[in-house]
Every structure is written in C-alpha cells, then in structure tokens.
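Notes for the structure review
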Amino acid sequence: MVDTIYAEDEIIGTKKAQEIISKFRHAKVTSIKRFGEVFNPSNQNFRIQKTNPALILAKKQKGFVLDAPKGFGIGDQNNYYFSHMYNCLYDCSYCFLQGMYNSANYLVFVNFHDYQNEIEKIIKKHKEKKMTFFTGYDCDSLAMEPITNFINDFVPFFSRYKKALFEIRTKSINNSVFRKHDPLANCIIAYSLMPETLAQILDKKAPSVSARIKNMKYLANKGWRIGLRFDPLIYCENWKAQYAELFAKIFEEIKEENIHSVSLGSLRFPKSFFNKLLQYYPNSEELSFLRSNDKGIISYDQSIENEMNEYCRLELMKYSDARKFFSCG
Amino acid sequence: MIKKNFEGVSVRWVIALKGEAEEIIKNYSMKRVATTPFPVYKNKDLDMWLILSGIGQLNAVAATSYLYVKSDASYNTIWINFGIVGSRNFKVGELIQIDKITSSDFQDNYYPSPSAFKNNNIQRCNLITVNKPEKLFENNGVYDMEGYGFFSFAKKIAPYELVSVLKIISDIPGTDLSKIDKNRVEILVSKNIQFIEKVLENLLDLQKILFLQLRDPKYFDEICLQKKFTFSQKVTLRKYLTQWQARFPQRNPLEEIGQRMTASQILKKFSDNLLR
C-alpha cells in the first residue's frame, strides 16, 4: 500500500511513529525536518501523487482543535473539529481535499496526547455547555484505523467526558475497533451516504453504500449510535427516486432509535477548489451542474439546492423524527 | 525507444559529460543540434532533448535553464538528471533512483516524488551534492556534483512529480578515479539502459495524467478564433466547454453560436443551457 514513509526527525523515535512504521515492513523510511518539505510545496500535483501516495509522520505544533464553521453542528451549543490526519485512503471525485491541497500524501500527526490535552482544556473551560468534537473531515479516521489506532486511543479518552459528543465521520466498514470497546453513548459513528449508483461513480475506492448500511446495522445492533450524513446531496437525473430508495433501504435495516442525528448538506466549493476539480474530472457530469454564485462560491443553482433539501427532508420525515435533522452549514 | 508516444510527450535530459550521455543519445536516436554554450541533442520525431551541462551545480542550473528556453519546454515536461556517482553503500554498476537530495552548501532538502518510483523495483537512495570529487564517502548515500542544482531549478519549471534524478554507481572507496574513462562509463550505462527506459515509461504515464488535465476542451480554439474573448472570458469559456462536453457529449457547441453573437452573449447562452 505505502512504499514511502517520510518522518520528521522530532518524532521519528516516538512510540507512535515506530508503531506505525513497523506496519510497513517494505516501505522506505526517509527522515525530514518538517512535513512542509514534502507536503504541499508549490508545483505538486494531487492527481499524480494519488497514484502512489507516501505516508508522512509529523508533529502538529499548534491549532489542535478548531471552532467548527458557524451553523455547523448536531444540536450542541459549542462545536469543534480536529484533524490528526490530512488526506484520505479513498478517492471521491467531489472531495474538497483535492481542491485544498496539491499533495495527496497521507499526513499523520502522531502527537495524539497534545490533541487530548487541548480537548480536555476546552471541556473543562466550558463545563456547563454541551459540545461536539467532530473528526474525519480532513481524512477518514476509521479507514486509517489499522495504521493509526486513532479511534482506539480516543474512544477511551472520550469515555471520561460524557457531556462531550465525539463524532467520527466515515465511509469505512472497518468495525474491529468498535468490537474492542463497549459502546459509548457520547460517540457518534456518522456515515456519509449517497445513492448507490452515484457512489459507484463518485466514491472511488470507498466501500459500497450497501456495505456501509450493513456495517451501520451491525454497529447499531452492538449499541453504537449512528449518524446519517447526506452531505453533499448530489444532483443528477432521477435524483428524487434515487434518494427515496436510499432512505427506504437505510430505515429498512436500521431502527430509528439507533439513529442519533441526520444531516443534509449542499455541494459547495470555493472557486479555486472547483477549478482544480474540473481540471481533474473534465468528464464528470455531476460537476457540470455547478455554477458560481455572486459570493464566488460554486454550488448548484439555488432553486436546485432548495428543492433537494426540501424533498430529502420530507422523505426522511417518513422514517425519522425531524428534531434529529440538522444542516451541514 | 519510447513505447508510449502520445500527444504531449516531452522529455529533457540534463547530463554532465558526453560519456554518461552517449548511450542515452544512441538509445533515443538523438542528433546534435547545438554546440555552444552547451552541446544540445534532439530526437527528430519526438519532443526529447538532451544537454551536456559540464561538471558542477552552477553548470547544471545554467544548462537546465538554457535548455528550458532553447527547447521551449512546456510546464508538462519530464526533466531527468542522469549521471555517475560514488558511494560506499552500493556496488559499482548499480542504478539508483534518488529520493532525497541534500547539499553541503544549502539547508533546504529536496524529495523527488514517490509517484516516480512506483513499481520499478529500482533501488532508492539519498543524494549528497558536493563541490569537489568525493573520495571518502563519509555519509550514507550517493555523491554527485550536479543533482542539487538541477533539482532546485527544474522543480520551478515543471511539476515535482515529473522531475527525476537517476544515477549509476561508478566509484566506491578505493576506486582509482583515473580509471573511470568514457568507455567504462558507457558500458555501465548500456548495462542499465532497459531499467532507465522503465523509469522513463513510468514518468510518461504520469505525464499523460497531467496532459489530460491541462488540455483545452474540445472546440475551445475554434470558438476563440471566431470571436474576441478577453482573458477572463476565456477562463469562463474553458470552464463552460468542459462542463458542456460532460453534459451534452452529442451536442456541438458551435451550433449554438449565432453569427452576430458577442463573446458575452455566447457565454450567457452556454451558461443558460448548463443551468438545468
């Protein structure tokens, strides 16, 4: 899988770095001073790098936990996100990461303790408030779990702070880490979903949607709480029938009481991200419906966005309590 | 020879000495097209050029920039620095693909992209570029006198992933340097030519990915010839035509354009059609 590992001098000797390195017996390990030497210098090309991504092990120096964008959340007052990793094992055509970075290398920050210290500080500072910590936006943490052991480290950590929700956003069907731990009431395993035929075209290298549903069912039956994330909603011919079929299939398999929250989001990009995506996927019909709005954001026409949101909400209300519905910003 | 001759093939070799270049010149049927300030060779059918830089980092940078201008190299060009090196870690004759480049003079290090190493099973190693011929090889790695200078410039004119440094071990501790003559170097290179070809084939695959990304959409040139578009209108036109191709592969956008339409009316027409 990975034949090149770059490791910062500062962390190469740490237990976590060595643990990860030991999983790639055939990889060539090269020492670096700072990850910026190999991650995202100008003139790198995301699509070419994606043909053979390297793994970069580094130390995050600052900015461990960030405020979530305004309007983003699943019901709590305070929302934060944190990323122990940039870039993803999967290769989804609409992923904003390929617009954001020139580099497709997997960058893992191995100093998990520093993240935990920062989260602890925030929780203690806002003792009275309910809060959510989101992860899995700059990577798919669960997909990389066999390498990083991130969830294995963070589930026990969050078990000490019942008031803080921990959301793991994923498309992975890896469930072995959840079998090792007792279900945690404040942990949400949130699945990104879209109609199967669209996922077959767009969610490259990711598990099929039916496999994701099957895994959600398994986890729900074990007592884990599930989040449904229809973010982004993708416009295409026949989208109403496709989404209706998807919702029906999900709720046929999973009991509503196991669903913690449902969120819907529109497909949106800053202009520069979109221009790169269009260059990478000139034949993508799905990208051909997107337009620049007057704020310089690329999205579907407002009428399409509204229609999709409205329709999907109404469809979902057939199966689930609307109080569980949230918008992804 | 190149098996994958697709539109967009563009290759530049930067090699210090004639002895190191001879087999490459022969293998890719290049002929001399200039003598000064640097000898330059070219294949008559392909966009493939080779320059003899002479020894040292300054020469490498000067020759690379000279060839860049002289050959009108596009952004989407493969740049390869090839030559002989010394090392205490390898045997004479081994081909090495460089994955880290350091210099005794500069703090920054460079890291050629792992995409270039994929599936070729060629040994990888770090390169230390020095200013005087090295005899002791105190550090692990291979030693040369051009790689750092070459890479520092080439990465500015081409994507990182298309810039590669390839070396063959010619001397190890105890080698009598006076015995490394042109003939011996040519033998070392000829023994490795099939592996060098393999590296190039892989780089050509990467180049193709980029070529398809950078290519203008169908009908772009024709439409620009018909009407006068400003720079920013051309950017929008490029975007709309790309989307058009994906959405209406059977519809020719030229047929949507009326004779008297202005550039902005054309863009509006495309935009309206693409909206739903």
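Whatever comes next refers back to the structure up there.
Overview of the structure. Keep in mind the model is a prediction, meaning the values are calculated, not measured.

Turning our attention to the overall build of chain A. In terms of helices and strands, chain A carries 12 helices and 18 strands. Against the globule reference of 20 Å for 329 residues, chain A gives a C-alpha radius of gyration of 20 Å, in line with a compact fold. Each principal axis of the C-alpha distribution contributes one length, and for chain A these read about 55 × 45 × 35 Å. The contacts of chain A with a sequence gap of at least 6 include a subset with a gap of at least 24, amounting to 79%.

All names here are of chain A. In terms of burial, strand 1 (residues 4-8) is largely enclosed, as 5 of its 5 residues are buried. Taking every second residue as pointing to the same face, both faces of strand 1 are buried, with Thr 4, Tyr 6 and Glu 8 on one and Ile 5 and Ala 7 on the other. Where strand 1 lies against strand 2 (residues 28-32), 5 bridges are found, and the strand directions are parallel. Opposite Glu 8, over in strand 2, you have Ile 32 as the bridge partner. The pairing of strand 1 with strand 3 (residues 55-58) spans 3 bridges and is parallel. Looking at the pairing, Tyr 6 lines up with Ile 56 of strand 3.

Another point: the interface of chain B and chain A. In this complex, chain B contributes 27 residues to the contact, which on the side of chain A involves 26 residues. Contributing elements (two or more residues each) for the side of chain B that touches chain A: strand 6 (95-103), helix 4 (182-214), helix 6 (231-247) and helix 7 (263-275) of chain B. For the side of chain B that touches chain A, the element with the highest residue contribution is helix 6 of chain B, accounting for 6 residues. In terms of residue class, the side of chain B that touches chain A is built from 12 nonpolar, 7 polar and 8 charged.

Ranked by size, the top nonpolar core spans 152 residues in total, and within it Ile56(A), Leu57(A) and Val108(A) carry the most contacts. The dominant element in this core, judged by the number of residues it contributes, is helix 4 of chain B, at 10 residues. Other than its neighbours up to four places away in sequence, Ile56(A) contacts Tyr6(A), Phe35(A), Val38(A), Phe39(A), Asn105(A), Tyr106(A), Leu107(A) and Val108(A). In terms of nonpolar packing, the next biggest core, distinct from the first, is built from 7 residues, Ile223(B), Phe229(B), Leu237(B) and Tyr240(B) among them.

Okay, the sheet that holds strand 3 of chain A next. Residues and elements named next belong to chain A. Overall, mixed pairing links the 5 strands, which are arranged 2-1-3-8-6 in an open sheet. Sheet topology places strand 2 and strand 6 (85-86) at the edges, where each strand pairs with a single neighbour. Across 2 bridges, strand 6 lies against strand 8 (residues 106-109) in antiparallel orientation. Pairing of Met 85 across the sheet is with Val 108, part of strand 8.

A separate point is helix 4 of chain B. The end-to-end C-alpha separation of helix 4 of chain B is 41 Å, well short of the 48 Å expected for 33 residues at 1.5 Å each. For helix 4 of chain B, the principal kink sits at Ile193(B) and spans about 55 degrees.

Moving on, we come to the sheet that holds strand 14 (residues 259-264) of chain A. Within a sheet, adjacent strands bond to each other through the backbone by hydrogen bonds, running parallel or antiparallel. All names here are of chain A. The strand order across the open sheet built from 8 strands is 4-5-9-10-11-13-14-18, with neighbouring strands paired in mixed fashion. Strands with a single pairing partner mark the edges of an open sheet, and in this sheet they are strand 4 (66-67) and strand 18 (325-327). Bridge count for strand 14 against strand 18 is 3 bridges, and the pairing is parallel. Note that in strand 18 the partner of Leu 264 across the bridge is Ser 327.

Our next topic: the environment of Trp13(B). All names here are of chain B. Structurally, the position occupied by Trp 13 is in strand 1 (residues 11-15). On the neighbour-count criterion, Trp 13 (25 C-beta atoms within 10 Å) is buried. Residues Trp 13 and Asp 45, 32 residues apart in the sequence, show an inter-C-alpha distance of 16 Å. In contact with Trp 13, other than residues within four places in its own chain, are Ile 24, Leu 50, Ile 80 and Phe 82.

Glancing now at the packing of helix 2 (residues 57-70) of chain B against helix 3 (residues 147-157) of chain B. All names here are of chain B. Here helix 2 crosses helix 3 at 30 degrees, and the two axes come no closer than 7 Å. With respect to each other, helix 2 and helix 3 are oriented roughly parallel. Considering how the two elements wind past one another, helix 2 and helix 3 form a crossing that is right-handed. Packed against helix 2, whose contacting residues are Gln 57, Leu 58, Ala 60, Val 61, Thr 64, Ser 65 and Tyr 68, the element helix 3 presents Tyr 148, Gly 149, Phe 150, Phe 153, Ala 154 and Ile 157 at the interface. A class-by-class count of the residues in the contact of helix 2 with helix 3 yields 9 nonpolar, 4 polar and no charged.

What follows covers unusual backbone geometry. When glycine is set aside, most residues are seen to have a negative phi, and most peptide bonds are trans. Cis geometry marks the peptide bond from Asp231(A) to Pro232(A), where omega comes out at 10 degrees. In this structure, Pro232(A) sits in the loop between strand 13 (225-230) and helix 10 (239-253). Here the bond from Thr36(B) into Pro37(B) is cis, since omega is -5 degrees, no more than 30 degrees from zero. By secondary structure assignment, the location of Pro37(B) is in the loop between strand 2 (30-34) and strand 3 (40-43). Its identity is not glycine, yet Lys205(A) carries a phi of approximately 70 degrees, on the positive side. Turning to its location among the elements, Lys205(A) is positioned in the loop between strand 12 (203-204) and helix 9 (209-222). Given 12 C-beta atoms within 10 Å, Lys205(A) falls into the exposed group. The phi torsion at Tyr219(B) lies on the positive side, around 75 degrees, for a residue other than glycine. The topology assignment puts Tyr219(B) in the loop between helix 4 and helix 5 (220-226).

Cut-offs used in this document
Residues numbered from 1 in each chain as written. Chains lettered and ligands numbered in written order. Predicted model: local features only at pLDDT ≥ 70, side-chain atom pairs only at ≥ 80, totals over all residues. Helix = DSSP H or I, 4+ residues; strand = E, 2+ residues; numbered from the N terminus. Rg over C-alpha atoms; globule rule 2.2 N^0.38 Å. Contact = placed C-beta atoms within 7 Å. Buried ≥ 20, exposed ≤ 12 C-beta atoms within 10 Å, placed from the backbone. Pairing = 2+ DSSP bridges. Nonpolar A, V, L, I, M, F, W, Y, C, P; charged D, E, K, R; others polar. Core = buried A, V, L, I, M, F, W, Y, C linked by C-beta atoms within 7 Å. Expected span 1.5 Å × (residues − 1). Bend = angle between axes of the 7 residues up to and from the residue. Axes fitted to C-alpha atoms, helices over the stretch in contact; angles between N-to-C directions. Parallel < 35°, antiparallel > 145°, perpendicular 65-115°, else oblique. Left-handed = near helix turned anticlockwise from the far one by under 90°.

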